[in-house]
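Residues per chain are reported as follows:
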Amino acid sequence: MKNFLSIVWYRVLPPAYGGQKGIADFNDHLGRSVPLTCLCSRNNNADTALSYKLLNVLPVSRSQSWNPFVRNQILSFIKKRSFSHIIIEHPYHAWLGKYRKKIGFRFIVHAHNIEHLRMKARGKLWWRWIRRTEQFAFSSADHILFKTEADKAVAISVFNIDPAKCLIVPYGIKETGQPVINTAAKEQLKKKYNISADEKVLLFAGTLDYEPNAKAVEMILHHIVPSLQKKKFQFRLLICGALHKEKAAELNAIPGVTATGFVASIQHHFQLADVFINPVTKGSGIQTKNIEAIANGCTVVSTSFAAIGLPGYLLEKKLFISHGDDWEQFTGNIIKAASLQNDVPEQFYQDYNWQNIIDRLLSEIG
């Protein structure tokens, strides 16, 4: 009988950004299909009913993964129950891999990116230790879940792992088909932001103090907005996300730009927007904001970097890509995308619906 354990070392409940939401939704839909327990840090607290059992008893620290007392706590918990599958989020609890045969469980690593490369790019001195941890996690795993084919290919090359145990589990969506547009909510937002009928609504959203997103905002202000103004394109750009008052005031002083601050329902903003722009040029993992935007019917204009992992059938329909830092091409794509009203390909909802993703995963891992 299948009985799953998920080990999450940091806070994902309630989810505040894409990575947290990805784990929260993954576990929620997995728990609808199989018995699931989530063993996680104490700062996880559900604000809605869960499909699985939550045990928020681990320390609030990355060091829990090498703390011998915490390891003994986790092992003792596992030995008292008959888990058929154990999933670790990120590679930090890789040490569990050496117990998979002795205790008798299938060991699954949910890799959200190539972690040591992410740390190396950020100049973190411990990236070599993380590389060794990833190496052990991947080599001892029965299955490794990657977000993109690109990450999978890098891992196979760098760590010399068996491609047969590498699976793709993308960031998912709850939608099963074309979104139902909330017209009343759209009109309310137009009034709130004083958007005129001749303005195309552009949207950028994210955790704005995250360095790649902060850099993207600078690209928007220094390159994209001036280029659109030069082309006499009528637009209103909404930048959604928490900001310091000084930065918000700076953005709101720019003609055509509105810094909204944190918004309770990004879904309504996606449905308001004619185009979602994503000028992110560095970072790691899949750009979850692109997937959410498309799921809500929004057309995405993205850099090639930020579009990694998205399927080709979206191109020139719901996804327009510029290369590198070619901001003239980027703004040209915005103007082109804003003139179109294409439906989202139905295949997108088949590929990215969470329950479909979980069903495919369970059929592959046995």
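(A) Spotlight on the overall build of the protein chain. Counting its secondary structure elements, the protein chain contains 14 helices and 13 strands. Taking 21 Å as the expected radius of gyration for a compact globule of 366 residues, we find that the protein chain reaches 22 Å, a close match to that expectation. On the principal axes, the C-alpha backbone points of the protein chain span a range of 70 × 40 × 40 Å. In the protein chain, which comprises 366 residues, the proportion classed as buried is 52%. By sequence separation, contacts in the protein chain at least 24 residues apart represent 63% of the contacts at least 6 residues apart.

(B) Molecular detail of the sheet that holds strand β5 (residues 106-110). The parallel open sheet is built from seven strands, whose spatial order is β3-β2-β1-β4-β5-β6-β7. For this open sheet the edge positions go to β3 (53-58) and β7 (166-168), each flanked by a neighbour on one side alone. The average undirected angle you get between the axes of adjacent strands in this sheet is 20°. Sheet topology note: the strand β1 (residues 4-8)/strand β4 (residues 85-89) ladder contains four bridges and is parallel. The residue bridging Phe4 from the neighbouring strand is His85, located in β4. Against the sheet, helix α2 (residues 68-79) makes contact with β1, β2 (36-41), β3 and β4, and its axis sits at roughly 155° relative to β3, the strand it touches most.

(C) Inspection of the environment of Glu115 at higher detail. Checked against the element boundaries, Glu115 lands in helix α4 (residues 115-121). Considered as a pair, Glu115 and His90 are 25 residues apart in the sequence and their alpha carbons are 7.8 Å apart. Ignoring any residue separated from it by four or fewer positions in sequence, one finds Glu115 in contact with Arg62, His90, Pro91, Tyr92, Ile130 and Glu134.

(D) The arrangement of the sheet that holds strand β9 (residues 235-240) in detail. With parallel pairing, the six strands of this open sheet are ordered in space as β10-β9-β8-β11-β12-β13. Both edges of this open sheet fall to β10 (257-261) and β13 (319-322), since each of them pairs with a single strand only. With direction set aside, neighbouring strand axes in the sheet form an average angle of 25°. Across four bridges, the pairing between strand β11 (residues 275-278) and strand β12 (residues 299-303) is parallel. Within β12, the residue paired with Asn278 across the bridge is Ser302. Strands in contact with helix α9 (residues 245-252) are β9 and β10; relative to β10, the strand with the most contacts, it is inclined by about 150°.

Reading the values: rules and limits
Residues numbered from 1 in each chain as written. Predicted model: local features only at pLDDT ≥ 70, side-chain atom pairs only at ≥ 80, totals over all residues. Heavy atoms only, no water. Helix = DSSP H or I, 4+ residues; strand = E, 2+ residues; numbered from the N terminus. Rg over C-alpha atoms; globule rule 2.2 N^0.38 Å. Buried < 20%, exposed > 50% of the residue type's maximum accessible area, 1.4 Å probe, protein only. Contact = heavy atoms within 4.5 Å. Pairing = 2+ DSSP bridges. Axes fitted to C-alpha atoms, helices over the stretch in contact; angles between N-to-C directions.

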